[in-house]
Structure formats: C-alpha cells, structure tokens
Amino acid sequence: MNMPTIQPLSYSGYRFLASIISHCTWLYFRFALSYRDVAEMMAERGVTVSYETIREWSQKFGGTYAKRMRSNLHRLSDRWHLDEVFLTINGKLQYLWRAVDQDGDVLDILVQARRNKKAAKKFFRKLLKGLQYVPRAIITDKLGSYAAAKAEVMPSVEHQQQGRLNNRAENSHQPTRERERRRRGFKSPGHAQRFLSIFGGDRVILPSRPSSTSGQELPRDHAPTLHTMA
C-alpha cells in the first residue's frame with residue numbers, strides 16, 4: 001500500500017513567505033470564499049496580495065497540498081465506498097464519481113459525462129493507479145455499471161451492493177453540494193475536476209487547523225498554515 005512519490009515543494013522565486021502562500025490556498029479551498037474574498041481578508045491582516053496572485057497559488061500548489069495530505073492519512077481501508085452524483089455544468093449533465101474509505105476520507109474523485117461501464121472502468125483504473133493497491137471489497141449502490149466494470153478491472157474483489165452500507169460515500173457528497181451552491185456552479189468539467197480533487201470534502205483534503213512548526217506567522221495574529229508539508 002505504498003503511496004506514490006511526491007516531489008518536494010519549492011517556493012523559490014516567490015516574494016511572499018511560504019506560510020502566506022499556503023494560508024491563502026488553505027482559505028480558498030477550505031471555506032466558501034472567492035479569490036477576492038481571500039485577498040480582502042489578507043488585507044485586513046496587513047498583507048497586500050492581489051486576487052490574481054492567490055488564484056495562481058491555488059492552481060499551482062493546491063493539488064500538491066492535497067496529494068501530501070492524502071499521503072499522510074492513516075492506514076488506508078481495504079474497503080472502498082463508491083458513489084456518483086450529478087452536477088449541472090453550463091447546462092449539461094455531468095457525474096461526479098467519488099471513492100471514500102471506512103472513515104469517510106476521500107480517496108479520489110473523477111468528473112465524467114457518463115455513468116456507464118466505460119466510465120466506471122475509467123474511475124477504477126484511476127483509483128488503482130493513484131492508490132497503488134487493490135481493495136478487498138468495494139461497496140456501491142445498485143448501478144449496473146459498477147458490477148460490469150469490476151468484472152473486467154478487479155474480478156477478484158468482493159462487491160457489495162447495499163444502500164445502507166454505502167452511506168459513507170453518499171454523505172461525502174453533501175459538502176460538495178454546499179460548495180457548488182455557494183460558488184454558483186462550476187465553469188467547466190475540468191474546473192470541477194481540479195477544484196474537487198483538492199477540496200475533496202469539507203474536512204478531508206485540507207485540514208481545518210493545519211499546524212506549523214516553521215516559526216513563520218501571519219501578521220497581527222497567529223494563523224494556521226500548511227508550510228510544514230514542504
């Protein structure tokens with residue numbers, strides 16, 4: 001169950017402290033904020049930074065922070081809970097596929113236009129490639145695509161299809177719905193994939209109180225930072 005190797009973070013060439021960069025990125029993904037909201041909050045604390053810069057930081061570092069948080073999770077479950085939920089993006093129906101472990105921690109997500117066998121196979125392969133291990137069992141709803149795809153991609157894995165057993169996966173979509181509502185939707189499937197890969201859920205990928213041992217603090221009062229993941 002070894003996690004993939006993640007390259008060290010580099011803040012070389014950036015004018016701002018790593019603690020400020022990571023804190024702005026954390027604010028954006030952890031709460032229902034816009035880039036302008038984050039810029040205004042930082043200005044209140046004596047840090048002048050444009051919303052365009054915060055957007056650049058979020059796009060550059062958000063994914064790496066998420067990978068580091070996933071790599072630091074406790075022992076991964078040998079039972080995957082999978083579910084899919086629809087998203088409306090620019091008037092078109094898309095599906096958010098999500099897998100969580102026994103504690104509700106998000107393992108991975110994938111935004112696709114279909115929920116057929118091909119789409120299920122693509123999601124399974126993404127999970128296997130990213131997690132680098134095969135689960136003992138998967139738990140899903142009764143969508144036929146799961147069974148058809150599992151028979152080809154993971155034929156030896158136990159498959160349970162019971163609604164109550166899959167509440168963990170279904171509940172993991174609730175923070176996404178809230179975030180989607182506050183953001184007034186997503187601009188494109190790619191935008192949804194990038195954001196939700198990092199956001200994950202309201203507590204999973206970016207912690208509510210990331211700690212710092214770097215000694216770097218934001219002006220005026222202490223603020224949590226992700227600098228320790230560097």
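One structure accompanies this document, and this report is about it. These numbers were taken from a predicted model, which means no experiment stands behind them.

A word on the pattern of salt bridges. On inspection of all chains with the given rule, the structure shows 6 salt bridges. Close ionic contact of E84 with R115 constitutes a salt bridge, the shortest N to O distance being 2.9 Å. Remark: R115 occurs in the loop between strand 3 (106-112) and helix 4 (117-131) and E84 occurs in strand 1 (residues 79-89); sequence separation between them is 31 residues. Since its relative accessible area comes to 8%, E84 is described here as buried. E152 serves as the salt-bridge partner of K117, at 2.3 Å between the closest nitrogen and oxygen. You can see K117 sitting in helix 4 and its partner E152 sitting in helix 5 (residues 144-153), a full 35 residues away along the chain. The exposure class of K117 is partly exposed, given its relative accessible area of 33%. Through salt bridges that share partners, D78, R136 and E158 make up one connected network.

A few words now on the sheet that holds strand 4 (residues 137-140). Within a sheet, each strand pairs with its neighbour through backbone hydrogen bonds, oriented either parallel or antiparallel. Pairing is mixed in the open sheet, where 5 strands are placed in the order 3-2-1-4-5. Strands with a single pairing partner mark the edges of an open sheet, and in this sheet they are strand 3 and strand 5 (158-161). Each strand of the sheet is rotated relative to its neighbour by a mean of 25°, with strand direction disregarded. When strand 1 meets strand 2 (residues 92-100), the two strands line up antiparallel, connected through 9 bridges. Bridge pairing links I89 to K92 in strand 2. Packing of helix 4 onto the sheet brings it into contact with strand 1, strand 2, strand 3 and strand 4, and relative to strand 3 it is tilted by some 145°.

The rules we used
- Residues numbered from 1 in each chain as written.
- Predicted model: local features only at pLDDT ≥ 70, side-chain atom pairs only at ≥ 80, totals over all residues.
- Heavy atoms only, no water.
- Salt bridge = Lys/Arg side-chain N within 4 Å of Asp/Glu carboxyl O.
- Helix = DSSP H or I, 4+ residues; strand = E, 2+ residues; numbered from the N terminus.
- Buried < 20%, exposed > 50% of the residue type's maximum accessible area, 1.4 Å probe, protein only.
- Pairing = 2+ DSSP bridges.
- Axes fitted to C-alpha atoms, helices over the stretch in contact; angles between N-to-C directions.
- Contact = heavy atoms within 4.5 Å.

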